[in-house]
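Reading the structure
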Amino acid sequence: QVQLVESGGGLVQPGESLRLSCTASGSTFSIYAMGWYRQAPGKQRLLVASIATSGGTDYADSVKGRFTISRDNAKNAVYLYMNSLKPEDTAVYYCNAGYYATGYHPFNYWGQGTQVTVSS
């Protein structure tokens, strides 16, 4: 079992930056690949970034070059640095623990989500 808690969301203007954090407890964090998903109102929850246990990363095309995912196994934490934010990035962002097998696959370990709103 893994418990995940996200933080760092908020209201920002277009072009600004935010850093989301997710801390894990309850299991050995370093054995999991980690992912950040987002869900806008009325839309599916989509994977935006993932990081393997090795540190390798992958991004959705919509955020490539703007978002950076990183992890700190000593702190049981994963981060999402979001730059050049756009209104279409507005969503609830969720942290997830999963694994890689020809792509990222989520386990049913989710945080409660943190709201990111990009608006002028």
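Scroll up a little and you will see the structure.
What this report covers is the structure whose coordinates are included nearby. Small disclaimer: the values here were computed from a predicted structure and weren't measured.

What follows covers the state of the cysteines. With the rule as written, the count across this model stands at one disulfide. Paired through a disulfide, cysteine 22 and cysteine 95 show a sulfur-sulfur distance of 2.1 Å. Classification of the bridge connecting cysteine 22 and cysteine 95 rests on its S-S torsion, roughly -80 degrees, and on that basis the disulfide is left-handed. Pair noted here: cysteine 22 is in strand β3 (residues 18–25) and cysteine 95 is in strand β9 (residues 91–100), with a separation of 73 residues, a long-range link. For the pair cysteine 22 and cysteine 95, one class covers both residues: buried.

Attention now moves to the pairing of strand β11 (residues 114–118). Residues of β11 alternate between two faces, with Thr114, Val116 and Val118 buried on one and Gln115 and Thr117 left unburied on the opposite face. Across three bridges, strand β2 (residues 10–12) lies against β11 in parallel orientation. Counterpart to valine 12 in the pairing with β11 is valine 118. Sheet topology note: the β9/β11 ladder contains three bridges and is antiparallel. Following the sheet pairing, alanine 91 is matched in β11 by valine 116.

Reading the values: the criteria
Residues numbered from 1 in each chain as written. Predicted model: local features only at pLDDT ≥ 70, side-chain atom pairs only at ≥ 80, totals over all residues. Heavy atoms only, no water. Disulfide = S-S within 2.5 Å. Helix = DSSP H or I, 4+ residues; strand = E, 2+ residues; numbered from the N terminus. Buried < 20%, exposed > 50% of the residue type's maximum accessible area, 1.4 Å probe, protein only. Pairing = 2+ DSSP bridges.

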